[in-house]
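Listed below, chain by chain, are the residues.
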Amino acid sequence: MDCKFSRRACLRALAASGVGILASQGAWADDVQRARVTDLRVISWKPPLYHGWPTLARRQNGELLLTFSGGRESHVCPFGRLELMRSQDNGLTWGWPQVIYDSPIDDRDAGLVETTRGSLLLTNFTSLYYAKGYEAARKIAAGQPGAWDAVKLDEWQAAHERLSPEDRQREEGTWMWRSTDGGVTWSSRYAVPCNSPHGPIALKDGRVLYAGIGLWSKDRPVGVWESTDDGVSWTLLSAFTPRKGDTLENYHELHAVELDSGKLIVHIRNHNAANAQETLQTESTDGGKTWSEPHPIGVWGLPSHLLKLRDGRLLMSYGYRRRPFGIQVRTSRDEGTTWNAPIVLTDDGTSSDLGYPSTVECDDGTLVTVWYEVLNGSDLAQLRQARWKL
């Protein structure tokens, strides 16, 4: 693959824009606040590749871990793989990415959590969705509009046809890896019953809670699963009932958080007609056994990542996929009952192919947010990071 967009070019483009990207953009800016961003940059090591759907996690020892779908040629392709990077200095520098797993089909999403016992749980799902584009391209003769070049067609054919159709179908699933030594070694991949982009969360009582979707299950449940054995096995704790007029098929990409009071909140990416592409919220006050009806919170943007700050406030991070494209966050002081006006981290995006931010809080109060984004001058998405303060 030709290197169309070098790391140096990425950094030059960002340096040229700098924090000045947070300048006012007309009346829209009057409705939002601006974060105090102290460091904004690309942290991808391989700009000639497409990076997607990262999750940032902070371990109990202060180390930052970042997992993502790397090795990609495009948003949808057969080359995605699960990768992991580490930072020992709160995101000032990042080590070289480690490939955790590379299945024979597309590895998408990358969730990560450290449990109360100190184990690491990595999650993703595998997909054959890329096959539609590949089969369509095979039918277009060379030189005709939409035809692929011979090298690309050969590469996709070799990747796709290394498995039989039956084996390819068996590769689709929702998966987890577990490490008990800080990520030095990892378990074999094992199937779990659900998926969401940022994976499960650790609860104070030692349980691990996974708000997600049974992607490949026949009945496609949406709800929360729990593990009482540190992520080894999972049981459906509660299946959600959709809001009146909604269908579960239009609920996507959930994430959960536990509050100091023990209350649980889940955010849902909504594609039902009512409040389309807004974030819906549901709450539980009995440890996840029962949940309120999903309801809108007045936030257009998706999907949401939830974080409880040390001062007790809640923070949600989400992609803003209409002009001005970028990353926004909001806070709540009343356990998610109300959410403050948006705080803009970036609004210089070139397209809607961005988002999936996640945020951690460092000991000095610095917040670190990482997302993926297609930058100006390339169609290959990079990992972009902001270090900032409220």
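The model shown is predicted, which means the values in this text are computed figures rather than measured ones.

So, how was this worked out
- Residues numbered from 1 in each chain as written.
- Predicted model: local features only at pLDDT ≥ 70, side-chain atom pairs only at ≥ 80, totals over all residues.
- Heavy atoms only, no water.
- 1 Å grid on protein atoms, 1.4 Å probe; cavity = no way out; pocket = protein on both sides within 12 Å on 5 of 7 lines; lining within 4 Å.
- Points joined across faces, edges and corners; volume = space filled by probe spheres on them.
- Helix = DSSP H or I, 4+ residues; strand = E, 2+ residues; numbered from the N terminus.
- Nonpolar A, V, L, I, M, F, W, Y, C, P; charged D, E, K, R; others polar.
- Salt bridge = Lys/Arg side-chain N within 4 Å of Asp/Glu carboxyl O.
- Buried < 20%, exposed > 50% of the residue type's maximum accessible area, 1.4 Å probe, protein only.
- Pairing = 2+ DSSP bridges.
- Phe/Tyr/Trp six-rings, centres within 6.5 Å; stacked < 30°, edge-to-face > 60°.
- Lys NZ or Arg CZ within 6 Å of the ring centre and 35° of its normal.

Within this model, the largest pocket holds a volume of roughly 920 Å³. Forming the boundary of the largest pocket are 32 residues, of which R58, E114, A202, L307 and K308 lie nearest the centre. Elements with a minimum of two residues in the lining of the largest pocket: β3 (50–58), β7 (106–114), β11 (201–202), β15 (251–258), β19 (302–308) and β23 (354–361). In the lining of the largest pocket, the residues fall into 15 nonpolar, 8 polar and 9 charged. By volume, the second largest pocket is sized at about 600 Å³. Looking at the second largest pocket, it is lined by 22 residues, and the ones nearest its centre are R108, F125, H252, E253 and Y356. Those elements that place two or more of their residues in the lining of the second largest pocket are β7, β8 (120–127) and β15.

Bringing the pattern of salt bridges into the picture now. By the definition in use, this model includes 24 salt bridges. The partner of D230 in a salt bridge is R178, and the shortest N-O contact between them spans 2.7 Å. Placement of D230 in the loop between β13 (222–227) and β14 (235–239) and of R178 in strand β9 (residues 173–179) is noted, with a sequence separation of 52 residues between them. Owing to a relative accessible area of 2%, D230 belongs among the buried residues under this scheme. The network of salt bridges with shared partners includes R59, E63, R86 and E114.

Spatial strand order, β1-β22-β21-β20-β19: 5 strands in an open sheet with mixed pairing. The outermost strands of the open sheet, each flanked by one partner alone, are β1 (33–34) and β19. Two strands pair when backbone bridges link them, and β1 and strand β22 (residues 343–346) are joined in this way by 2 bridges, in the parallel orientation. Paired with R34 across the bridge in β22 is V344.

Further remarks concern the sheet that holds strand β10 (residues 190–191). The strand order across the open sheet formed by 4 strands is β7-β8-β9-β10, and the pairing between neighbours is antiparallel. The open sheet has two free edges, formed respectively by β7 and β10, since each of these has just one partner strand. With 7 bridges joining them, β8 and β9 adopt antiparallel strand pairing. Within β9, the position partnered with N124 by the bridge is W175.

This part takes up the pairing of strand β12 (residues 208–213). Most of β12 is tucked away, with 6 of its 6 residues classed as buried. Of the two faces of β12, the one carrying V208, Y210 and G212 and the one carrying L209, A211 and I213 are both buried. Across 2 bridges, the pairing between β11 and β12 is antiparallel. For I201, the partnering residue across the bridge sits in β12 and is L209. Hairpin connection, β11 to β12: the antiparallel pair is bridged by 5 residues, and G206 has positive phi, about 95°. One ladder, built from 6 bridges, connects β12 with β13; its direction is antiparallel. Bridged to G212 within β13 is G223.

The next point concerns the environment of P342. The residue P342 is located in the loop between β21 (326–332) and β22 in this model. Separated by 15 residues in the primary sequence, P342 and I327 place their C-alpha atoms 9.7 Å from one another.

With the rule as written, the count across this model stands at 13 aromatic pairs. Judged by centre distance (5.6 Å) and plane angle (50°), the rings of W45 and W96 are tilted. Highlighted residues: W45 in the loop between β2 (36–42) and β3 and W96 in the loop between β5 (81–87) and β6 (98–101), separated in sequence by 51 residues. Here a set of aromatic residues connected by ring pairs shows up, and it is made of Y50, W53, Y356 and Y372. Seen from the ring of W148, K152 lies directly overhead, with NZ or CZ sitting 4.3 Å from the centre. Lying across the ring of W300, R322 places its NZ or CZ 4.0 Å from the centre.

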